[in-house]
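# Overview (structure and organization)
In case you want the letters, here they are:
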Amino acid sequence: MIWKRDWGLVGRQVVAWMIMLALYVAIIAVASRFLSGAWFYMIIGFVFISAFVQFFFSDKMVQMTMKVRVVSEDEEPKLYNMVRRLADEADLPMPRVGIIEHRAMANIPNAFATGRSPRNALVAVTPKIRYLLTDDELEAVLAHELSHVKNRDMLTMTIGSFAVMIAEMILHNSFFIALFGGDDNENGGGMIAYIALMAVSFIVYIIGILVTQAISRYREFSADRGSAYITKDPDALIRALKKISGAVDAAPRREKREVSGTNSFFIIPAISGESILELFSTHPTLEKRIENLEKVREEIRGY
């Protein structure tokens, strides 16, 4: 296998972790300034408990949300053996293999990987994708998902989304917290606390979204390259991406909207049809991904 560590992704993940650490510090600093007593400990306790749950159980939460049924080799020998062969090629432990049974995904061909490390990874596909793609195209998609596992980028996305979730929670409850949670209320400082909470939480929310979306777009480029390195067939992934994109576009809008909250997990986002700013998108455009794979094709031919 031709495998090249993507130092661009590594560097971006290091920067993202530093930014996320700063965001967590900002959240705790605001809480310590404007909250007192039981309120402060309740918020901090919630942050740490939620972080613990996200770190250790995020893969289980995604699995439950998407109604993934983990299958054995006896149940799905062809799919299982395909994943095992690619995992061996990528020098990875055999991940769990699953079928996505969410009713909204019945007409949407897609696949995703989750798990905080290669040893507890899960690779799952929708039934639709297995009938839409040829074997070499499906292998290219599975290799893309295994590249996410090898790049260990799933944990960065989990931690990043958690920072956004905490900021969103504070935004939704900032007025109530400012009124009843701080000592400044006795000196007429409730409005100051409210404004400060809103401002800091909004900044954390926006920065968190921008950082996670930027990482999400770049990690898709990296996983596309990884798929080409593993299979040595970037054209198979190009064909797969075109087929999946066309089928996703043709899927019912209601179904796409129902699962659009999990866009960052999928190889092609199930957006609901409305235009979105590229800055806030979870994936690069299909055209840019194909251009990226064409460059990898020339690189592979050079070996």
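Presented here is a report on the structure given in the accompanying data block. The structure presented is a predicted model; accordingly, all values stated were derived computationally and were not measured. (Residues numbered from 1 in each chain as written. Predicted model: local features only at pLDDT ≥ 70, side-chain atom pairs only at ≥ 80, totals over all residues. Heavy atoms only, no water.)

## Observations regarding the sheet that holds strand S3 (residues 111-114)
With mixed pairing, four strands are arranged side by side in an open sheet as S1-S2-S4-S3. Bordering the open sheet on either side are strand S1 (68-71) and S3, each of which pairs with just one other strand. Direction aside, neighbouring strands of the sheet carry axes that sit 30 degrees apart on average. Bridging between S3 and strand S4 (residues 122-125) involves four bridges; their strand directions are antiparallel. Across the sheet, residue Ala111 finds its bridge partner in S4, namely Val125. Lying on the sheet, helix H5 (residues 135-151) is in contact with S3 and S4; it crosses S3 at an angle near 20 degrees. (Pairing = 2+ DSSP bridges. Helix = DSSP H or I, 4+ residues; strand = E, 2+ residues; numbered from the N terminus. Axes fitted to C-alpha atoms, helices over the stretch in contact; angles between N-to-C directions. Contact = heavy atoms within 4.5 Å.)

## Notes on the pattern of salt bridges
Tallying each qualifying case throughout the model produces 17 salt bridges. The salt bridge partner of Glu73 is Arg84, with a shortest N-O separation of 2.6 Å. Placement of Glu73 in the loop between S1 and helix H3 (77-89) and of Arg84 in helix H3 is noted, with a sequence separation of 11 residues between them. Residue Arg84 is classed as partly exposed on the basis of its relative accessible area, which comes to 30%. Among the ionic pairs, Asp224 bridges to Arg289, the shortest N-O distance being 2.9 Å. Of this pair, Asp224 sits in helix H7 (residues 190-231) while Arg289 is found in helix H10 (residues 286-301), placing the two residues 65 residues apart along the sequence. (Salt bridge = Lys/Arg side-chain N within 4 Å of Asp/Glu carboxyl O. Buried < 20%, exposed > 50% of the residue type's maximum accessible area, 1.4 Å probe, protein only.)

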